[in-house]
Amino acid sequence: MRVALEINGDDYARDVEPDLTLLSFLRDVLGLTGTKWGCLTGDCGACTVLVDGKPVVSCLQLACQAQGREVTTVEGLETPGGLDEVQAAFVSNGATQCGFCTPGMVMSVEALLRTNPSPNEAEIREALAGNLCRCTGYSKIVDAVLQAAAERRSAVGSPAADVS
Amino acid sequence: MADVFIPGSLEEAVDFLADHPTTAMPIAGGTDLLVDARTGRSRPERLVDLSGLRGIEGFELDGELLRVGALTRIRSIELDAELGRRATALVEAARVLGSVQIRTMATVGGNLCHGTPSAEMPPSLLVHDAVAEITGKGGQYSVPLAAFFVAPGRTVLAPGDLLTSVRARVPSSAAGSCYLRQTVRWSMDLAGVGVAASVHVEGGAVSNARVALCAVAPVPMVVTGAENAVMGTSLAPDALAEAGRRAAEACSPISDARGTAEYRRQVVSVLVPRALRIAWLRATGSWPEGSPAPVNGVWTRE
């Protein structure tokens, strides 16, 4: 089956098995291994990517169901200046340990901040309920999200803030 | 490996499913089906991908009629402010289903058609007298949602039948609803007990009440006895306790990892009164608008 979609701003088209998951399409067909292969049952969130800006677990979506859609993976976050605010905040807060859950976490946070630029701790924990970390616990991850949100708000800036 | 058929219309989907009754299964969000396929619980040879079909996604409120398309994502229910006011229990059930990712993918129709006894959507639809609207090879027909579920994993749908929407009656004033559940974990867990309640209040008394349960019987169930216990009352403690007692008697839970049958009955007897009480407070304007029910329905302020 021919699957054509946009990933991180680039168009891709490949002939694949019809029941291939989006996760396998990204990792095995395209070599985009930032998205992690975890539980394969939608529980751990390690394979989280954005489809049309919304977070999905790519292990439970067929590649053909993403036909014509815009997919964003962790590889698509990096800016010309380096890591984006969320990635940088995970590093500076020590919000990673083995790092396996981190790409999925970061993608869920990206989705959260796009719709809620000022999340509180409860909202952050709810947004990350589907992303399991078995190393660090979640305190530093929550700290990283709070910092990333603050930095993104100040980077975007409001006219009033610019004047002051 | 399964083949995937992508129908161009509802009719094409129905025809394909009817032509392959033993081998084809419809897929929408995939959050139940692909887990089942991966764990060996089902082995579909052909998947009919409904996710691109137009016309059965989204919901609309027309007066007191709520119609929810089968392809409506759980997440879009959760985030709708108008539904939060008018069908609060439905929104509360949507909020606790899976994770943000799962809710973004999972559909209302899939949650109903998978037939899981603990599925989150049925109780909150049952308390609004929901009716399943189905398209099959022979045309369209409707089934009360209370008669839609046959056994764990089984519904009335015959091969080739597709649930297209659910319609429900959502009163516009003097009504309130609530969904509460008991879980082992707060997130990413199935209900050990799920309770939805709705009440309509006229002249300081309950003029209509609905109580529905999940995860405590082979199929989601309406508890008429509990409803009768509070009809015409102003939800005094003895009426609430009687509703809880009747619900606990009416259900038939099993013992599993989420609790023993005895424990589940006990939880039903506690959550039914709490859900009714919160529904009443909402119906009478005594509950802060937009404020979700607290975990397990325990609150300290009225």
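Below or above, wherever it landed, is the structure these notes cover. Residue positions are counted from 1 within each chain, in the order its sequence is given. The lettering of chains begins at A and the numbering of ligands begins at 1, in the order of writing. Local features in this predicted model are restricted to residues whose pLDDT is 70 or higher, and side-chain atom pairs enter the listing and the counts only when it is 80 or higher, whereas totals over whole chains, interfaces and linings include all residues. Computation of side-chain values: all heavy atoms of the structure, hydrogens and water removed.

Considering the packing of helix α3 (residues 102–115) of chain A against helix α5 (residues 139–156) of chain A
Residues and elements named next belong to chain A. A fitted line through C-alpha atoms serves as each axis, taken over the contacting stretch for helices, and the angle formed by two N-to-C directions is quoted from 0 to 180°. A run of DSSP states H or I qualifies as a helix once it reaches four residues; a run of E qualifies as a strand once it reaches two. Both are numbered from the N-terminal end. Contact pair α3 / α5: the axes reach a minimum separation of 11 Å and the direction vectors enclose 40°. What the angle tells us is that α3 and α5 run oblique. For the pair α3 and α5, the sense of crossing is right-handed. Facing Met105, Val109, Glu110, Leu112 and Leu113 of α3, the residues of α5 in contact are Ile141, Val145, Ala148, Ala149 and Arg152. Polar here means any residue other than Ala, Val, Leu, Ile, Met, Phe, Trp, Tyr, Cys and Pro, which are nonpolar, and Asp, Glu, Lys and Arg, which are charged; Gly is therefore polar. Residue classes in the contact of α3 with α5 are distributed as 8 nonpolar, no polar and 2 charged. Each angle is binned into one of four classes, with values under 35 degrees roughly parallel, values over 145 roughly antiparallel, values of 65 to 115 roughly perpendicular, and all other values oblique. We call a crossing left-handed when the near helix sits turned anticlockwise from the far one by less than a right angle, and right-handed when that turn is clockwise. Throughout, a residue-residue contact means that at least one pair of heavy atoms, one from each residue, lies within 4.5 Å.

What to know about the side chain of Asn131(A)
When you line up the elements, Asn131(A) lands in the loop between α4 (121–127) and α5. Among the polar contacts made by the side chain of Asn131(A), one reaches the main-chain carbonyl oxygen of Gly45(A) at a distance of 3.1 Å. Between N or O atoms, a polar contact is any pair within 3.5 Å; within protein, one atom must be a potential hydrogen donor and the other a potential acceptor, and residues adjacent in sequence are included only when both atoms are from side chains. Of note is the side chain of Asn131(A), whose polar atom sits 2.7 Å from the side chain of Ser108(A). Non-local contacts of Asn131(A), meaning those with residues more than four positions away in its chain, are made with Cys44(A), Gly45(A), Thr48(A), Gly104(A), Met105(A), Ser108(A), Tyr138(A) and Gln101(B).

A short note on the packing of aromatic side chains
Residues and elements named next belong to chain B. Put simply, two rings from Phe, Tyr or Trp (the six-membered ring, in Trp's case) pair if the centres are within 6.5 Å, and we call them stacked under 30 degrees between planes, edge-to-face over 60, tilted for the rest. For the structure shown, the criterion picks out 2 aromatic pairs over all chains. Judged by centre distance (4.3 Å) and plane angle (10°), the rings of phenylalanine 5 and phenylalanine 16 are stacked. One end of the pair, phenylalanine 5, is in strand β1 (residues 3–5); the other, phenylalanine 16, is in helix α1 (residues 10–19), with 11 residues separating them in the sequence. For phenylalanine 5, a relative accessible area of 25% corresponds to the partly exposed category. Residue phenylalanine 16 is classed as buried on the basis of its relative accessible area of 16%. Burial classification: accessible surface area is computed with a 1.4 Å probe over protein chains only, and a residue below 20% of its type maximum counts as buried, one above 50% as exposed, and the rest as partly exposed.

Section: the pattern of salt bridges
Whenever Lys or Arg places a side-chain nitrogen within 4 Å of a carboxyl oxygen from Asp or Glu, that contact is recorded as a salt bridge. Applying the stated criterion across every chain yields a total of 27 salt bridges over all chains. With its nearest N and O atoms 2.7 Å apart, the salt bridge here joins Glu92(B) to Arg282(B). With Glu92(B) in helix α5 (residues 88–95) and Arg282(B) in helix α11 (residues 261–283), this residue pair connects regions lying 190 residues apart in the sequence. Taken as a pair, Glu92(B) and Arg282(B) share a single burial class, namely buried. Look at the salt bridges and you will find they share partners, linking Glu126(A), Arg75(B), Glu78(B), Arg95(B) and Arg103(B) into a network.

Comments concerning the interface of chain B and chain A
Facing 29 residues of chain B, the contacting portion of chain A comprises 28 residues. Buried area is a sum: the accessible area each of two parts loses on coming together, probed at 1.4 Å, counted once for each and added. Taken together, both faces of the contact between chain B and chain A bury some 2100 Å²; the carbon and sulfur share is 62%. Its largest share of buried area at the contact with chain A, chain B owes to Arg38(B), Gln101(B) and Met105(B), together 28% of the area lost on that side. Connecting chain B to chain A are 2 salt bridges. Here Glu126(A) makes a salt bridge to Arg95(B), at a shortest N to O gap of 3.2 Å. At the junction of chain B and chain A, the tally comes to 9 residue pairs in polar contact (both at pLDDT 80 or more).

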